[in-house]
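Tertiary structure, described
These are the residues of each chain, in order.
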Amino acid sequence: MLQFLTQEGNVGDLKMKQNVFQTYKTLIDQKLIDELTLRFGRHEDWINSGCETNKRPENPIKEYFLLGKQNTKAYNYYRHKLYYFIRWARNSSKYIDEISDLFKIAKKNAIEMEKLASFVKTEDIHRKFKNQFHNSIEIFDENISKIINHKIIYFYQQKYEIEFVLIFLFQLINIIMKGSYDSDLNKFRDTKGKLIKGKIIENIISGTKSFPEIKKIIEKAYNKDLRNTIGHNEYRLKNECVYSMDGKITISKDKFMESLFVLQEIQNAVLWLIFTYFDEDDLNETKKCGIVSIGYSPNGMSPKIYLFQLWPFFEISDASWIEEVSINVEKERMETKIWDGSIFTGEYDKDMREWVETATKNKNNVEISLIAVLPNIFLGENLMQTPEWGEFFITNDILTRHINISIN
């Protein structure tokens, strides 16, 4: 798509590009964020169900298709950044922020954190964790959330049994509090070497007193009474409650669903952290991904090209990757190639002829502006509609550089 801009509007000096979306909190439209949450959740459910073609969700997140064609790592990175973006927009990202803070504190101990990184990147653990827990915003659909049955209880058990999250959180805390990575975890194992989850959970809870949101979500997710009751198959279901066989424990449907949901949430948060921080050194190849539209300066101005880029890739970019831009004109069509995975074509009309003439007179020296865009969940007029990838909110976060382009 060729987008011809009729005004300077959102183009200016170099701006701060960290936490691009934080400025726009007051503009959030609740209906739009609800719609995005639903679309995100359905896509994740589709992934978890095996990506069956005939079950592909309606009204998909279109930019996924762009990123999927450009770079698989970019697609996964965007999904996990979108997860945080949604939690932030819904005012439920505090525990994620605390986990991020926990990680940043531990990261100061580079030697021990390298051991944790090795644990995370162990092929079997990393692959198994990613395959088991794609980043669902919710783990039960509308039908499941209305009932409590043995199937959903078994689902909770499966989630509870995942050791990776517990070990990861414990190691972060241990590195902070004791300055070391515990490679064998012997004090948390029984005589057969099996991890005693209750013991390591208690250690995590006691170690997160300075992180109240993490402490609270861990206590809710790893509900001791619930785990002991269903873990030993000593329960019965009645009146939408879980009862222990001895009658000493009663857990309502709402309490159970809360534990199930926050268990998934804490696991999602750890997965988000891994993709956001542990894989960040491998993201250089994705910096140029996610350009959803292109624009050109109006007639009478010096020649400029505006590239509208999805914010996660804008945040990790310094625009230095923009080295070669080529424009090819054939008959009444014009093609602008940013890189092999980002090519835009459109009509070569009077306005574009004048733009090319101006660029040629300027010895093909053109200012390139990289502009961050967000999924449209906001009120306001800074909107951009693209036929291929949907609607986006244009931010005021911009990076600029001058390059010589080729025109053929």
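This report concerns the structure included in the present document. (Residues numbered from 1 in each chain as written. Predicted model: local features only at pLDDT ≥ 70, side-chain atom pairs only at ≥ 80, totals over all residues. Heavy atoms only, no water.)

With respect to the pattern of salt bridges
This structure, assessed with the given rule, holds 14 salt bridges. Note that Glu161 is salt-bridged to Lys197, the shortest N-O span being 3.0 Å. Separated by 36 residues along the polypeptide, Glu161 in helix H7 (residues 150–161) and Lys197 in helix H9 (residues 197–207) bring together distant segments of the chain. Assessed through its relative accessible area of 9%, Lys197 is described here as buried. Where Glu163 meets Lys197, a salt bridge forms, and the shortest distance between an N and an O atom there is 3.6 Å. Here Glu163, found in helix H8 (residues 163–178), pairs with Lys197, found in helix H9; they are 34 residues apart in sequence, far enough to count as distant. Accessibility expressed as a relative area gives 29% for Glu163, which makes it partly exposed. (Salt bridge = Lys/Arg side-chain N within 4 Å of Asp/Glu carboxyl O. Helix = DSSP H or I, 4+ residues; strand = E, 2+ residues; numbered from the N terminus. Buried < 20%, exposed > 50% of the residue type's maximum accessible area, 1.4 Å probe, protein only.)

Regarding the packing of helix H4 (residues 94–106) against helix H10 (residues 212–221)
The contact between H4 and H10 brings their axes to 8 Å, and the two run at 115°. Relative to H10, H4 is oriented roughly perpendicular. In the crossing of H4 with H10, the sense of the turn from one axis to the other is left-handed. Touching Lys94, Tyr95, Glu98, Ile99 and Leu102 of H4 are Pro212, Glu213, Ile214 and Ile217, all from H10. Looking at the contact of H4 with H10 residue by residue, the class counts come to 6 nonpolar, no polar and 3 charged. (Axes fitted to C-alpha atoms, helices over the stretch in contact; angles between N-to-C directions. Parallel < 35°, antiparallel > 145°, perpendicular 65-115°, else oblique. Left-handed = near helix turned anticlockwise from the far one by under 90°. Contact = heavy atoms within 4.5 Å. Nonpolar A, V, L, I, M, F, W, Y, C, P; charged D, E, K, R; others polar.)

A word on helix H5 (residues 110–120)
Along H5, the residues classified as buried are Glu112, Met113, Leu116, Ala117, Phe119 and Val120. Projection of H5 onto a plane perpendicular to its axis shows the buried side chains occupying an angular sector of 155°, all on one side. Along H5, the residues that are exposed and aim more than 90 degrees away from the buried face are Ala110, Ile111 and Glu114. (Arc of directions from axis to C-beta.)

Digging into the sheet that holds strand E3 (residues 241–244)
Reading across from one edge, E2-E3-E4 is the order of the 3 strands in this open sheet, with antiparallel pairing throughout. Sheet topology places strand E2 (235–238) and strand E4 (250–252) at the edges, where each strand pairs with a single neighbour. Taking the axes of each pair of neighbouring strands and ignoring which way they run, one obtains an average angle of 20° across the sheet. Summarising the sheet, E3 and E4 pair through 3 bridges and their orientation is antiparallel. (Pairing = 2+ DSSP bridges.)

Examining the side chain of Ser326
Note that Ser326 resides in strand E7 (residues 326–330). Of the residues examined, Ser326 reaches a relative accessible area of 15% and is grouped as buried. For Ser326, the contacting residues outside a window of four places in its chain are Glu335, Thr336, Lys337 and Ser406.

A closer look at the sheet that holds strand E13 (residues 406–407)
Hydrogen bonding along the main chain pairs the strands of a sheet, whether they run parallel or antiparallel. The 4 strands are arranged E9-E8-E7-E13 in an open sheet whose pairing can be described as mixed. Edge strands, defined here as strands with exactly one partner in the open sheet, are strand E9 (342–347) and E13. Taken together, the 2 bridges between E7 and E13 define a ladder with parallel strand orientation. Its bridge partner being in E13, Ile327 is matched across the sheet by Ile407.

Points about unusual backbone geometry
The backbone of Leu185 shows a phi angle near 55°, a positive value even though the residue is not glycine. Looking at the secondary structure, you find Leu185 in the loop between H8 and H9. Residue classification places Leu185 among the buried residues on the basis of a relative accessible area of 3%. The phi angle at Asn239 is positive, at roughly 55°, despite the residue not being glycine. Assignment of secondary structure puts Asn239 in the loop between E2 and E3.

Notes on H7
Its 12 residues place the ends of H7 17 Å apart at the C-alpha level, agreeing with the 16 Å of an ideal helix rising 1.5 Å per residue. Inspection of H7 places Ile152, Ile153, Tyr156, Gln157, Lys159 and Tyr160 among the buried residues, and these make up the whole buried set. The arc enclosing the buried residues of H7, seen along the axis, measures out at 165°, which places them on a common side. The residue sitting at the N-terminus of H7 and contributing the capping side-chain oxygen is Asn149; that oxygen lies 3.2 Å from the backbone nitrogen of Lys151. (Expected span 1.5 Å × (residues − 1). Polar contact = N/O pair within 3.5 Å; in protein donor to acceptor, adjacent residues only side chain to side chain.)

Focus: the nonpolar core
Core analysis: the biggest nonpolar cluster contains 126 residues, and Leu82, Phe85, Phe168, Ile218, Tyr222, Phe256 and Trp355 have the highest contact counts within it. Apart from the residues lying within four places of it in its own chain, the contact partners of Leu82 are Leu36, Phe40, Ile61, Tyr64, Trp311 and Pro375. (Core = buried A, V, L, I, M, F, W, Y, C linked by side-chain atoms within 4.5 Å.)

Side note on the environment of Gln267
Its place among the elements puts Gln267 in helix H12 (residues 253–278). Each C-alpha atom of the pair Gln267 and Leu166 lies 9.2 Å from the other, and the pair is 101 residues apart in sequence. For Gln267, the side chain forms a polar contact with the main-chain oxygen of Lys159, separated by 2.9 Å.

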